[in-house]
Amino acid sequence: MTLDKRLGQRFLPYGANYLDWSDMSELRHAIEQGVLFRYQTETESMADRLERRVGEQLGAGHVLAVHNCTEALRLALVSTRPRAGDVVYIPAVTFVAVAGAVLSTGLIPVPVDVDESFSLDASLLPPDAQRVVVAHMEGAVAPLPEGVPYVIEDAAQALGAAFPDGRHTGTRGYAGTFSFHHNKILTSGEGGLLVTNDPAAWQVMRCYHDHGSARVPGRYPTWNEGAYYGENFVTSEEVAAIQLQQFRHLDDILAGLERHYAITAQELPGRRDIGLVPRSAGDAKISLRLRLESRELRDAAVARLSTRGVAHWTLGKYFLPEHPVLTSRNSLYADGFPWNLADGVPRAISRDGFARTRSLLDRTLCVPLSPELTEAEQRVAAKTLRQTLESL
Ligand SMILES: *Cc1c(COP(=O)(O)O)cnc(C)c1O
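The rules behind the values
- Residues numbered from 1 in each chain as written.
- Predicted model: local features only at pLDDT ≥ 70, side-chain atom pairs only at ≥ 80, totals over all residues.
- Heavy atoms only, no water.
- Near = heavy atom within 4 Å.
- Polar contact = N/O pair within 3.5 Å; in protein donor to acceptor, adjacent residues only side chain to side chain.
- Areas by Shrake-Rupley, 256 points an atom, 1.4 Å probe, with all protein chains shown as cover.
- Nonpolar A, V, L, I, M, F, W, Y, C, P; charged D, E, K, R; others polar.
- UniProt positions renumbered as here; feature names shortened; annotations may be inferred.
- Contact = heavy atoms within 4.5 Å.
- Pairing = 2+ DSSP bridges.
- Helix = DSSP H or I, 4+ residues; strand = E, 2+ residues; numbered from the N terminus.
- Axes fitted to C-alpha atoms, helices over the stretch in contact; angles between N-to-C directions.
- 1 Å grid on protein atoms, 1.4 Å probe; cavity = no way out; pocket = protein on both sides within 12 Å on 5 of 7 lines; lining within 4 Å.
- Points joined across faces, edges and corners; volume = space filled by probe spheres on them.
- Domains from an automatic or database assignment.
- Buried area = accessible area lost by both parts, 1.4 Å probe.

Student: Which residues make up the site of the ligand, and what values do they have?
Tutor: Taken together, 14 residues are adjacent to the ligand, and Thr-70, Asp-154, Gln-157, Ser-179 and Lys-184 come closest. Within the contact set of the ligand, a nitrogen atom lies 2.6 Å away from a side-chain nitrogen or oxygen of Asp-154. Contact with the protein chains covers 94% of the free accessible surface of the ligand, which is 380 Å². Here the shell around the ligand is built from residues that sort into five nonpolar, seven polar and two charged.

Rendered as structure tokens:
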């Protein structure tokens, strides 16, 4: 494939570039076994292997594979045994799946303003906050609030990132969630993982994700006295097999991102009006975040990058206080559930009506990095970026 073609594909991100028939031994094995249901296999299932591997690699006590990160968030929330209508504080800047997961669990999302790096600003939380979702956006490690009983780390965009103490994102809170959607660091098209260090919580999650049953692999499920209802979030063997293949490449992908981040950051033009937003050492460096002096300059940069075919994105789409799902307070339930329980709950929490966050979002521009490129190729990409920014 020519370099132009490969650079042109930069939007096809990360793990997807490592899908290759010559490297699919786990998937081949799952197909040859002829059993794609995880609780029907004679030997250790692919899903078991995946959960074991993730536990080892991330240092997570207990792991559960599900269909996507939204399910993982729902499962984490419901396992806290909330009352319908309880509040969950979420970042004002994150993917709307977080709000959807909260609402579909019968809870009320309250967006909380974020700091310079778009992480939830824990200093704004009320002292009696019970449930908080923190999102590690674009691989940026967000600090966790202290003294909150249930902190759920949404690490959908931050698989393999690490806190300053070396622990991996997703493993420090009550629970952590990960996504294998096409646009994430590793992919199986769709896919999700839930991790927790709390064995009792894991038992609850495991039951709920399998119809509320106390399943023994290989047998029809059973329900204990006092069983509660559940749903079906059980993953399948072919998906777990692809995720195992993807996990073999995680370290390479993270190292490639690290390398290409350094190459690209070094090439940036020395303009006073275009700055690089610093990243911390443990971030999964899936993108370079640029902060420009004005929205006009940012929009001009977006237009110029588009013309030159340089992949980029902006983050305004993640601003939840103006998202229709939250502003409309609509529901498919005839009584408006769970919004009908939201009387007296604030619509959002911000110091300044989100003025500063809006301004930051309007001036931010992100350039994705491509771990699969060679260093030479990344240098070419970085030069194109520099020339484009210099031409503004
Ligand atoms: C992608 C994403 C999700 C949802 O993940 P799915 O696997 O698509 O359900 C949730 N939160 C964040 C921050 C995401 O980027």
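Student: Which residues make up the UniProt feature "active site" (unreviewed entry) in the protein chain, and what values go with them?
Tutor: In the numbering adopted here, UniProt assigns the feature "active site" (unreviewed entry) to Lys-184. Leave out the neighbours within four places in its chain, and Lys-184 touches Tyr-14, Gly-15, Ala-156, Gln-157 and Ser-179.

Student: Give a detailed account of the sheet that holds strand β9 (residues 287–292), specifying residues and quantitative values.
Tutor: The sheet built from three strands is open, its strands ordered β8-β9-β10 with antiparallel pairing. The open sheet has two edge strands with one neighbour each: β8 (274–276) and β10 (364–368). Taking the axes of each pair of neighbouring strands and ignoring which way they run, one obtains an average angle of 30° across the sheet. Two elements, β8 and β9, share three bridges in a ladder whose sense is antiparallel. Note on β9: the bridge partner recorded for Leu-276 is Leu-290. Strand contacts of helix α8 (residues 250–267): β8 and β9, with the helix running at about 30° to β9, the strand carrying the most contacts.

Student: Account for empty space enclosed by the protein, naming residues and giving values.
Tutor: This structure, assessed with the given rule, holds two cavities of 30 Å³ or more. By volume, the largest cavity is sized at about 60 Å³. What lines the largest cavity is simply His-29, Ala-30, Gln-33, Val-35, Thr-41, Thr-43, Glu-44, Ser-45, Met-46 and Glu-237. No other element matches helix α2 (residues 25–33), which puts three residues into the lining of the largest cavity.

Student: Let's hear about the domain arrangement of the protein chain: which residues, and what values?
Tutor: Note: interface size is frequently given as the accessible area lost on complex formation between the parts. Segmentation of the protein chain into domains returns domain 1 (14–80 + 149–247) and domain 2 (250–319 + 354–390). The C-alpha centroid of domain 2 is placed 31 Å from the C-alpha centroid of domain 1. Together, the buried faces of domain 1 and domain 2 total about 1,200 Å²; carbon and sulfur atoms form 63% of this surface. Applying the counting criterion to the domain 1 and domain 2 interface returns six residue pairs in polar contact (both at pLDDT 80 or more). Grouping the amino acids of the side of domain 1 that touches domain 2 by side-chain chemistry returns eight nonpolar, six polar and no charged.

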